[in-house]
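Below, each chain spelled out in residue letters.
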Amino acid sequence: MINSHIIQLLAPKIQTFPSGKEFIHLVGPIKLPVNLDGETRTFQWYSWLKTDKAMESGELIASLAGAELAERQQSSVLVYGDFAEAQDALIRMHSICHTGDIFGSKRCDCGFQLEQSMKMIAAHGAGALFYLANHEGRGIGLFSKAMAYILQEEGLDTVDANLQLGFTDDARNYDDAIAVLRALRSAPVTLITNNPRKLAALQEAGLNVGGRVPLWGDRSAFNEKYLQTKVNRSGHLAESDNWADAGTETRVPHAQA
């Protein structure tokens, strides 16, 4: 049984709200000092857990030890500055990439995008990076991604590799991240992305997206085909494309001091 004092310490840091027919339990904020180019920047970190029923804080805390949560990774969000009230705020919906984010793989640009978006948010003064744990391999999972990589080494591109394994090109869902975003901010946001599908997900949910910031870079011989496939087959906007073609005006907000 969990000590009542422990529950009293943790309960004020837990929010619970619905996401479709399920419920999200959001814990935070938690101070997280981060090294960005040799300078320490303090973010506020949140993590969330989805359950099939609403739970009081005490019940939720008591269930953790038996839930085997390490077997299914949870998503989180890094918040910087006065995210709730700032006039302009940048957000990044970042799909987890075990190989790129952790190992620094050059087969993709994910590690670069993760670090660069954090730098952009810190420079801007307010924003949030959503780190989405169930988005590995565009939603197919790490083990399936490993098999997709084998197919890519045999000549298939990233889209065909997923399709040949029985998946769709992109199985990612943003509903939970959108629910968390609504809990943290109601004002408009500017999206860091090259992917019109992410914009569409936010707009279809009724969110006010004021513009977007492109995020290209770290191009090399190792990921050239991967990046080109993003544009040619997955609909990503190329570096020279205008965001107006995707249904909204391009707007890059100025960094705040």
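- The protein chain is annotated in an unreviewed UniProt entry as GTP cyclohydrolase II of Paenibacillus amylolyticus.
- Its UniProt record gives the protein chain a comment under Cofactor (unreviewed entry), which states: "Zn(2+)".
- Checking UniProt for the protein chain, the heading Catalytic activity (unreviewed entry) contains the comment "GTP + 4 H2O = 2,5-diamino-6-hydroxy-4-(5-phosphoribosylamino)-pyrimidine + formate + 2 phosphate + 3 H(+)".

Here we look at the side chain of serine 117
Inference 1: Residue position: serine 117 is located in helix α4 (residues 110-124).
Inference 2: Looking at serine 117, the relative accessible area reads 0%, which means it is buried.
Inference 3: Reaching out from serine 117, the side chain makes a polar contact with the backbone oxygen of glutamine 113 at a distance of 2.8 Å.
Inference 4: Not counting the four nearest positions on each side in its chain, serine 117 is found in contact with Arg92, Leu129, Ile192 and Leu215.

Digging into the packing of aromatic side chains
Inference 1: For the coordinates displayed, the defined rule picks out two aromatic pairs.
Inference 2: Ring geometry for phenylalanine 43 and tyrosine 80: centres 4.9 Å apart, planes at 55°, overall tilted. With phenylalanine 43 in strand β3 (residues 39-51) and tyrosine 80 in strand β4 (residues 75-80), the pair connects residues that are 37 residues apart, well separated along the chain.
Inference 3: Classification of phenylalanine 43 by relative accessible area gives buried; the value is 1%.
Inference 4: By relative accessible area, tyrosine 80 is classed as buried at 13%.
Inference 5: A cation sits over an aromatic face here: arginine 107 above tyrosine 149, 3.9 Å from the ring centre.
Inference 6: Sitting above the plane of the phenylalanine 83 ring, arginine 185 keeps its charged end 5.6 Å from the centroid.

As for the nonpolar core
Inference 1: If you look at the biggest cluster of nonpolar residues, it comprises 28 residues, and the most contacted ones within it are Trp48, Val77, Ile91, Met93, Phe130 and Val180.
Inference 2: Broken down by secondary-structure element, the contributors of at least two residues to this core are β2 (22-36), β3, β4, β5 (90-95), β6 (127-132), α8 (175-184), β7 (189-192) and α9 (196-204).
Inference 3: Here this core gets six residues from one element, more than from any other, and that element is α8.
Inference 4: Leave out the neighbours within four places in its chain, and methionine 93 touches Phe130, Leu132, Tyr174, Ala177, Leu181, Leu191, Lys198 and Leu202.
Inference 5: Among the nonpolar cores identified, the runner-up in size contains 17 residues, and Leu36, Tyr80, Ile96 and Tyr131 belong to it.

Things to note about the pattern of salt bridges
Note on pairing: side chains with opposite charge can pair once their charged atoms come close.
Inference 1: Evaluated as defined, the whole model comprises 13 salt bridges.
Inference 2: Between lysine 50 and glutamate 22 there is a salt bridge; the shortest N-O distance is 3.3 Å. Here lysine 50, found in strand β3, pairs with glutamate 22, found in strand β2; they are 28 residues apart in sequence, far enough to count as distant.
Inference 3: A relative accessible area of 33% places lysine 50 in the partly exposed class.
Inference 4: The partner of lysine 53 in a salt bridge is glutamate 59, with the nearest N and O atoms 3.0 Å apart.
Inference 5: Residues joined by salt bridges that share partners form a network here, namely Arg138, Asp169, Asp170, Arg172 and Arg197.

Reading guide: rules and limits
- Residues numbered from 1 in each chain as written.
- Predicted model: local features only at pLDDT ≥ 70, side-chain atom pairs only at ≥ 80, totals over all residues.
- Heavy atoms only, no water.
- UniProt positions renumbered as here; feature names shortened; annotations may be inferred.
- Helix = DSSP H or I, 4+ residues; strand = E, 2+ residues; numbered from the N terminus.
- Buried < 20%, exposed > 50% of the residue type's maximum accessible area, 1.4 Å probe, protein only.
- Polar contact = N/O pair within 3.5 Å; in protein donor to acceptor, adjacent residues only side chain to side chain.
- Contact = heavy atoms within 4.5 Å.
- Phe/Tyr/Trp six-rings, centres within 6.5 Å; stacked < 30°, edge-to-face > 60°.
- Lys NZ or Arg CZ within 6 Å of the ring centre and 35° of its normal.
- Core = buried A, V, L, I, M, F, W, Y, C linked by side-chain atoms within 4.5 Å.
- Salt bridge = Lys/Arg side-chain N within 4 Å of Asp/Glu carboxyl O.

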